[in-house]
Amino acid sequence: MQFRLYVTLIYCFVVLQSAVGQSQYAPLNDDYYHLIDRLEIRRGKLSEDFHIGVKPFERKAIIGLLDSIMADRTMPLNDTDFFNIEYLRQDSWEWSADRTPMSQKRLLKRFYQKPSDFYYVQNKNFDLHLSPVTHLILGTENSSKDYLWLTARGVELRGLIGKKLGFYTYVTDTQGMFGKYVRDYTLNVREIYLNYPLYVVPGESLVKSVRTYGVDFISARGYITFNPIKQINIQFGHDRNFIGSGFRSMLLSDWSSPYLFLKMTTQLGRFQYTNLWANMLYNQPGRSPDEPINKKYAAIHHLSMNLGKNFSLGIFEAEIFGRENGGFDLNYLNPIIFYRYLETYLGSADNAMLGFDVRWNFLKRFGFYSQFMLDEFKTSEYFGKKGSWGKKFGFQAGLKYVDAFGVKNLDLQTELNLARPYTYSHKSGFNNYVHFDLPLAHPLAANFWEVVGIARYQPTRRLTVYGTLVKAKKGLDVDGRNWGANIWRSYEDNRPRDTGNFIGQGTPVETTFADLRMSYMLKHNLFIDGRFFVRRQESTYEPLNMNTTSATFGIRFNIPYRQQIF
C-alpha cells in the first residue's frame, strides 16, 4: 500500500513539473449558470472554451466567453446585460485582472480590495482568494407549528500555486428546519429501514437530527486541478457534476451529496471528452451507526461534439459497480473503451447505462435541449414484450426562450422529464444509480413524469424574480409490492408482473408546486431573498395527501439558494 502511495506521489510531482496554466471551476448554481446560458443563446454561437452540456465550467473559460461577447459588436446589450457580464467577470477576476476595477469601498484598507474577495493574494508564484459564506432563513409553513429556519456559516477558498496547480475548498456548518415535504423526503427517501433513524438532505450527507424536526450537517467540497498538457485538465477531489442543459438531468445531476472523483477532460476543438471515475457509497440495510458504509463505484465517460456553430451532440456511458470486498475493478480505468464490452468480458452483473444529449440554439432567442438514457439495454425487452419491466429508460426535452416576446431580460423555460418503472434500479445497492441514499439523476427517481415551467425576469440590474410551476405524477409502492418507483429496492423483489408496466403504476401521487422568489443583490454575491410557494400533493391513498403553503425571508452571502423544488 505504501509503495503505491509513493509511486502516485512521484508521478504527480513529475506531471506537475511540466503542467501548464489551468483554472478552477465555478461552483454549480442554477441562478449563476443561467446567466451564462442566456448569453450563449443570445450570441447565436456555441462557446469555443467550454461545452454547455457538461458542468461545472472552468472560470477561465467563462471569461473567454465574456471576452468574445464584448468583442462582438453585432450583439445588442442593454444596461442589465452589461451588469451581468461585469458580475461574472468580477467573480473570476484573476483571469481578467486588467478589466476588473478595484473596490471603491474597502474594509480596513486591506479587505475587499476586489468586490468578490474578502481577502486575496496575487503574485507570480501564488494566487489566493478567500471569502466568507453565510445563509440565514426564517419562515412559516401552514403544516407546521414551528418556524422554518436555517443558519449556515463557513468559508470558501480557491487559488493557484506556481500557475500550475489549482485548488478549491468550501466548508459550511448548517442547522435548520425544512418544510414538512422536505422532512418527509428526508425520512422516506427509501423503504429499506435501518435500525436507527435515517436522515437525508438533498445535496448533503452526514446529517444529524436536532430537537424534533431539525437537522444539523456539515457541507464540504474540495479538489485540486492541473493541466499536464494544454488540451487535458485533471481534477481530483470531492464535489458534484452535472451533465445536461436542463433544470433537471436524466444522466447525472447535482441532487446527491458530493463524492470523491477523478475527472479527466480532453478538449480538442469541437470535441470535448470527459472521463469521470467516482467513489460512491452504498448505505447497506441493517448497518449500525459505527459500521463502515459500503463502497461502490461509477465509471462514466461523455463525448460532446459541436457539430455546427449552434448544435451540440453528446454521447454518454456509465457503469455502476461494487464488490463485496470494496475493491475497485481496474479494468474500468481504461478511458477509451466501451464499458458494455468490459461488463461482458468480465462476466459481471454491473449496471450499464447508455445515453445521449443534444442542444440546439437558434434564432438567437431559443435553446432546445433533450436527453435520452437507456438503463441496461436489451433488445428482447424493448421490442419483444409490450410494457416489459426491462424497458428502462429516462427522457427529457426542454426549450429556453430568452428576452421572451421582446421583453428584455425575461427568460422562459419549459421542460418534460419522465422515467419508466424500475429505471436506475438493480439487483443490489452496489449497482443502483444512487449515492448515499440519494438519486444520481432525477429527484423523483423512477416511475414518474414531470412538467416544469420557469420564468426568470430581471427588471433592474440587481433585482431578479423567479417563478416556477411544476406538475408531476409518480406511482408509489404503498401496498408493499415493487411497482418500480423505489430505485433503492432490488427489481427482483416482489415485482407484480413482467409485462404491461406503465409510468405511474402502483399508488399514484400527483404533485403541483407553484413557487415565486425575489432576489435582490446588495453587493457582489450578497442577496436578500423573499419566497412564497404553494405545494399540493394528492393521492388515492389518503395519508399521502398534503397541502403546503410557505413563506420565507433570508439573506445569503457567497452561497447558492436551496430551491428544494420537487
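The notes below deal with the structure included here. (Residues numbered from 1 in each chain as written. Predicted model: local features only at pLDDT ≥ 70, side-chain atom pairs only at ≥ 80, totals over all residues. Heavy atoms only, no water.)

**Re the pairing of strand β17 (residues 410-419)**
Along β17, seven of the 10 residues are buried, which leaves the element largely enclosed by surrounding structure. As judged from the eight bridges shared by strand β16 (residues 393-401) and β17, these two strands associate in the antiparallel manner. Pairing of Leu399 across the sheet is with Thr414, part of β17. Across 10 bridges, β17 lies against strand β20 (residues 448-457) in antiparallel orientation. Bridge pairing in β20 places Leu410 opposite Tyr457. (Buried < 20%, exposed > 50% of the residue type's maximum accessible area, 1.4 Å probe, protein only. Helix = DSSP H or I, 4+ residues; strand = E, 2+ residues; numbered from the N terminus. Pairing = 2+ DSSP bridges.)

**Considering the pattern of salt bridges**
Per the counting criterion, the structure on display carries 31 salt bridges. Among the salt bridges present, the one from Asp37 reaches Lys400, with a minimum N-O distance of 2.2 Å. With Asp37 in helix α2 (residues 30-43) and Lys400 in strand β16, this pair connects stretches of sequence that are 363 residues apart. Taken as a pair, Asp37 and Lys400 share a single burial class, namely buried. (Salt bridge = Lys/Arg side-chain N within 4 Å of Asp/Glu carboxyl O.)

**Concerning the environment of Asp173**
Mapped onto the elements of the fold, Asp173 is located in strand β5 (residues 165-177). Exposure remark for Asp173: the relative accessible area of 29% places this residue in the partly exposed category. Separated by 39 residues in the primary sequence, Asp173 and Thr134 have C-alpha atoms spaced 9.3 Å apart. A distance of 3.0 Å separates a polar atom in the side chain of Asp173 from a polar atom in the side chain of Gln175. (Polar contact = N/O pair within 3.5 Å; in protein donor to acceptor, adjacent residues only side chain to side chain.)

**Thoughts on unusual backbone geometry**
Residues other than glycine predominantly adopt negative phi, and peptide bonds predominantly adopt the trans conformation. Cis peptide bonds are those with omega within 30 degrees of zero, and the linkage from Lys55 to Pro56 qualifies with 10 degrees. Here Pro56 lies in the loop between β1 (54-55) and α3 (59-71). At Asn494, a residue that is not glycine, the phi angle is positive and equals roughly 55 degrees. Within the secondary structure, Asn494 is located in the loop between β21 (463-476) and β22 (507-523). The phi dihedral of Asn525 falls on the positive side, at around 65 degrees, and the residue is not glycine. Among the structural elements, Asn525 can be located in the loop between β22 and β23 (526-539). For Asn525, a relative accessible area of 12% translates into the label buried.

**Overview of the environment of His238**
One can find His238 in strand β8 (residues 232-239). The class of His238 is partly exposed, set by a relative accessible area of 37%. Residues His238 and Arg221 lie 17 residues apart in sequence; the distance between their C-alpha atoms is 5.2 Å. Here His238 is in contact with Arg221, Gly222, Pro258, Tyr259, Leu260 and Phe261, once residues within four sequence places are set aside. (Contact = heavy atoms within 4.5 Å.)

**Brief notes about the packing of aromatic side chains**
This model, assessed by the stated rule, comprises 30 aromatic pairs. Ring plane angle 25 degrees and centroid distance 4.3 Å describe the contact between Trp360 and Phe362, whose orientation is recorded as stacked. On the basis of relative accessibility, which here comes to 39%, the residue Trp360 falls in the partly exposed class. Ring pairs connect the aromatic residues Tyr32, Tyr33, Phe50, Phe57 and Tyr87, which therefore count as one cluster. (Phe/Tyr/Trp six-rings, centres within 6.5 Å; stacked < 30°, edge-to-face > 60°.)

**Brief notes about the packing of α2 against helix α4 (residues 79-91)**
Between α2 and α4, the least distance of the axes is 11 Å, while the angle of their chain directions is 125 degrees. Here α2 is positioned oblique relative to α4, judged by the angle of their axes. Note on packing geometry: the crossing formed by α2 with α4 is left-handed. In this structure, α2 contributes Tyr32, Leu35, Ile36, Arg38, Leu39 and Arg42 to the contact, and α4 contributes Asp81, Asn84, Ile85, Tyr87, Leu88 and Asp91. By residue class, the composition of the contact of α2 with α4 is seven nonpolar, one polar and four charged. (Axes fitted to C-alpha atoms, helices over the stretch in contact; angles between N-to-C directions. Parallel < 35°, antiparallel > 145°, perpendicular 65-115°, else oblique. Left-handed = near helix turned anticlockwise from the far one by under 90°. Nonpolar A, V, L, I, M, F, W, Y, C, P; charged D, E, K, R; others polar.)

**Description of the nonpolar core**
Side chains that are nonpolar tend, in soluble globular proteins, to be buried together. Within the largest apolar cluster, 29 residues are counted, with the highest numbers of intra-cluster contacts made by Leu252, Tyr259, Ile300, Phe316, Tyr424, Tyr433 and Ile487. Put simply, the parts of the chain that give this core at least two residues each are β10 (259-268), β11 (271-282), β12 (294-306) and β13 (311-321). When sequence neighbours within four positions are dropped, the list of residues in contact with Ile487 reads Thr423, Tyr424, Ser425, Asn432, Tyr433, Val434, Pro439, Ala445 and Ala446. Core analysis: the next-biggest nonpolar cluster, separate from the first, contains 23 residues, Val182, Phe247, Ile454 and Phe513 among them. (Core = buried A, V, L, I, M, F, W, Y, C linked by side-chain atoms within 4.5 Å.)

**Remarks on α3**
Taking 1.5 Å of rise per residue, 13 residues should cover 18 Å, and α3 covers 19 Å from first to last C-alpha, within 8% of that figure. Those residues of α3 lying buried are Arg59, Ala61, Ile62, Ile63, Gly64, Leu65, Leu66 and Ile69. Buried residues in α3 make contact with α2, α4 and β4 (148-161). (Expected span 1.5 Å × (residues − 1).)

**Re the side chain of Ser47**
You can see Ser47 is positioned in the loop between α2 and β1. In this structure Ser47 comes out as buried when scored by relative accessible area, which is 3%. There is a polar contact of 3.5 Å between the side chain of Ser47 and the backbone nitrogen of Phe50. Ser47 has contacts with Glu40, Leu65 and Asn306, leaving out every residue within four places of it along the chain.

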